[in-house]
Amino acid sequence: TIPACGWTSRVDESEPSQPVASRMEDDEAVLSNGLLTVRLNQRGEIVALTDAQGHSRVNGKANVLKMFKDVPRLFDAWDIDSMYDRSPVALDGESTIRLVEQTPWKATVEVRRRVDTSDWVQLISLEADSTRLDFDTRVDWHEKHRLLKVAFPTGIHADEGINEIQFGYVKRPTHRSRPYDADRFEVCNHRYTALCDENRGAAVLNESKYGVSMLGDEIALTLLRAATSPDLHADQGEHHFTYSYYLWDGPFADSDVVRQGYELNVPVTVADGAAEDFSLMSIDAPNVVIDTVKAAEDGSGDVIIRLYESKHASCDATLTLNLPAASVCACDMLENPGENLPIEDGQVKLSFRGFEIKTLRVSRK
């Protein structure tokens, strides 16, 4: 646990209340932490995933690799044609699975497999007190005109999926009933794509893969392509990326999906040394994110803080500053000063509309 926008040297060495358990059963691995129990086959596919109540959180196999022939009519390296899924490529190469990490805090299995003409190595991890599965992946990619996706059938019925964009999200259809819907067979996302009802949800998180498709209850993240024009050898060679499958109970507004996406993309930095616990600043509303802290562009020494509301839910929030501040003013995104805001005991009261972005300018003492 790290103080918000800060640091700590304290390490909690006590074991978690529900340690992670792991075991091999023939060619399958079972990982459990009291919140999730997952069974993985030799190919790294999730064949069973249940929560603490015993409910299944997948509809069939998940983390399933799907490869397709990918020969766009135009713009080889830019386009994906709508009929790509009519030309699947069989992935029947050899695979192995083994336990490589087994501690009370984390269990990891390693999957090695042949994906057509490429080598695939994946570390699949479950941590204590977490409902997130991580898939740390390395691929030695040697394909031509191929599209590789990974699919998660969530078992959740939703007419729309939630795709994160910068400073918020947009909803897009999970069906192709109308031409307008069918045209969105492949869309963009930022750190997550989620499907949810009012009682539970599932999200595929990513830190470097921004194309995704949604159809029915399935989220399919696009991992790799193999264009040959204008570069005959585009994307050939080593790739390293991570994606995750995150589950929660309750409505989306109460979920931790935004934080989980950030934690995957911005992991904790560890450095040598020691220091007292300290937090530069914090915000008390869980749906408001401190996105940017930077020096003002005019060289004045002022600090710019940019915050946004992440879940389309208006709210009041209090920003606590632990750095010496003479004044705080609201400004536009070009950092032009505007209205001065009251600051009392280092606290600034703010009010956000859904998806509103606020930029503050802090003059130091």
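Coordinates for the structure precede this section.
Model, not experiment: these values are computed from the prediction. (Residues numbered from 1 in each chain as written. Predicted model: local features only at pLDDT ≥ 70, side-chain atom pairs only at ≥ 80, totals over all residues. Heavy atoms only, no water.)

Q: Please give an account of the nonpolar core that cites residues and values.
A: Ranked by internal contacts, the top residues of the largest apolar core, which has 46 residues, are L148 and L223. Every residue in contact with L148, bar those within four places of it in the chain, is listed here: L65, K66, M67, L91, V115, W120, W141, L221, T222, L223 and L224. V288, I305, A325 and L350 belong to the second-largest nonpolar core, a separate cluster that totals 21 residues. (Core = buried A, V, L, I, M, F, W, Y, C linked by side-chain atoms within 4.5 Å. Buried < 20%, exposed > 50% of the residue type's maximum accessible area, 1.4 Å probe, protein only. Contact = heavy atoms within 4.5 Å.)

Q: Which residues make up the pattern of salt bridges, and what values go with them?
A: Following the criterion strictly, the structure yields 27 salt bridges and no others. Across the pair R43 and E45 runs a salt bridge, and its minimum N-O distance is 3.4 Å. According to the relative accessible area criterion, R43 is partly exposed, its value standing at 24%. The closest approach of N and O atoms between R57 and D249, which form a salt bridge, is 3.1 Å. One end of the pair, R57, is in the loop between β5 (46-51) and β6 (64-69); the other, D249, is in strand β20 (residues 237-249), and 192 residues separate them in sequence. (Salt bridge = Lys/Arg side-chain N within 4 Å of Asp/Glu carboxyl O. Helix = DSSP H or I, 4+ residues; strand = E, 2+ residues; numbered from the N terminus.)

Q: Tell me about the side chain of D181, and please be specific about residues and values.
A: If you trace the backbone, D181 turns up in helix α1 (residues 179-182). Classification of D181 by relative accessible area gives buried; the value is 1%. Aside from chain neighbours lying at most four places away, what touches D181 is P173, H175 and R176.

Q: Before we move on, could you go through the side chain of R306 and cite the residues and values that matter?
A: Relative to the elements of secondary structure, R306 occurs in strand β24 (residues 303-309). Buried charge without a partner: R306 forms no salt bridge, and the closest opposite charge is E335, 5.0 Å away. If sequence neighbours within four positions are ignored, R306 has contacts with F167, V289, I290, D291, T292, M333, I357, K358 and T359. (Lys, Arg positive; Asp, Glu negative; His and termini not counted.)

Q: Residue-level account of the packing of aromatic side chains, with values.
A: The full count for this structure, using the stated rule, is 14 aromatic pairs. Relative to Y308, the ring of F167 lies with its centre 5.1 Å away and its plane at 70°, an arrangement referred to as edge-to-face. On the criterion of sequence distance, the pair formed by F167 in the loop between β13 (160-165) and β14 (168-173) and Y308 in strand β24 is long-range, its members being 141 residues apart. When its relative accessible area of 14% is taken as the criterion, F167 is described as buried. Between Y169 and F252, the ring centres sit 5.5 Å apart and the planes meet at 80°, which makes this aromatic pair edge-to-face. Of this pair, Y169 sits in strand β14 while F252 is found in the loop between β20 and α2 (257-265), placing the two residues 83 residues apart along the sequence. Residue Y169 is classed as buried on the basis of its relative accessible area, which comes to 13%. (Phe/Tyr/Trp six-rings, centres within 6.5 Å; stacked < 30°, edge-to-face > 60°.)

Q: Break down unusual backbone geometry for me, with residues and values.
A: Backbone torsion omega between S229 and P230 reads 10°, so that peptide bond is classified as cis. Its location among the elements puts P230 in the loop between β19 (218-225) and β20. A positive phi angle, close to 55°, is found at N63, a residue other than glycine. The residue N63 is located in the loop between β5 and β6 in this model. Residue classification places N63 among the buried positions, given a relative accessible area of 2%. The phi angle at E335 is positive, at roughly 70°, despite the residue not being glycine. For E335, a relative accessible area of 8% gives the class buried.

Q: Account for the sheet that holds β14, with residues named and values stated.
A: Across the sheet, which stays open at both edges, the 9 strands sit in the order β8-β9-β10-β11-β20-β17-β16-β13-β14 with antiparallel pairing between neighbours. Because the sheet does not close on itself, it has two edges, and the strands there are β8 (95-102) and β14. Direction aside, neighbouring strands of the sheet carry axes that sit 20° apart on average. Of the strand pairs in this sheet, strand β16 (residues 192-196) and strand β17 (residues 200-206) are connected by 5 bridges, and their pairing is antiparallel. (Pairing = 2+ DSSP bridges. Axes fitted to C-alpha atoms, helices over the stretch in contact; angles between N-to-C directions.)

Q: Tell me about the pairing of β17, and please be specific about residues and values.
A: With 7 of 7 residues buried, β17 is to be regarded as a mostly interior element. Of the two faces of β17, the one holding R200, A202, V204 and N206 and the one holding G201, A203 and L205 are both buried throughout. What sits between β16 and β17 in their antiparallel hairpin is a turn of 3 residues. The sheet contact formed by β17 and β20 spans 7 bridges and is antiparallel. Bridge pairing in β20 places A202 opposite L247.

Q: Any details on the pairing of β5? Residues and values, ideally.
A: As paired strands, strand β4 (residues 36-40) and β5 are joined by 5 bridges and run antiparallel to one another. Within β5, the residue paired with L36 across the bridge is D51. Once β4 ends, the chain turns through 5 residues before running back antiparallel as β5, passing G44 with a positive phi of about 85°.

Q: I'd love a proper account of the sheet that holds β19, names of residues and values included.
A: The 6 strands lie next to each other as β7-β6-β12-β19-β18-β15, forming an open sheet whose pairing is antiparallel. Each edge of the sheet is formed by a strand with only one pairing partner; in this case those strands are β7 (88-89) and β15 (187-188). The sheet contact formed by strand β18 (residues 211-215) and β19 spans 4 bridges and is antiparallel. Bridge pairing in β19 links V212 to L221.

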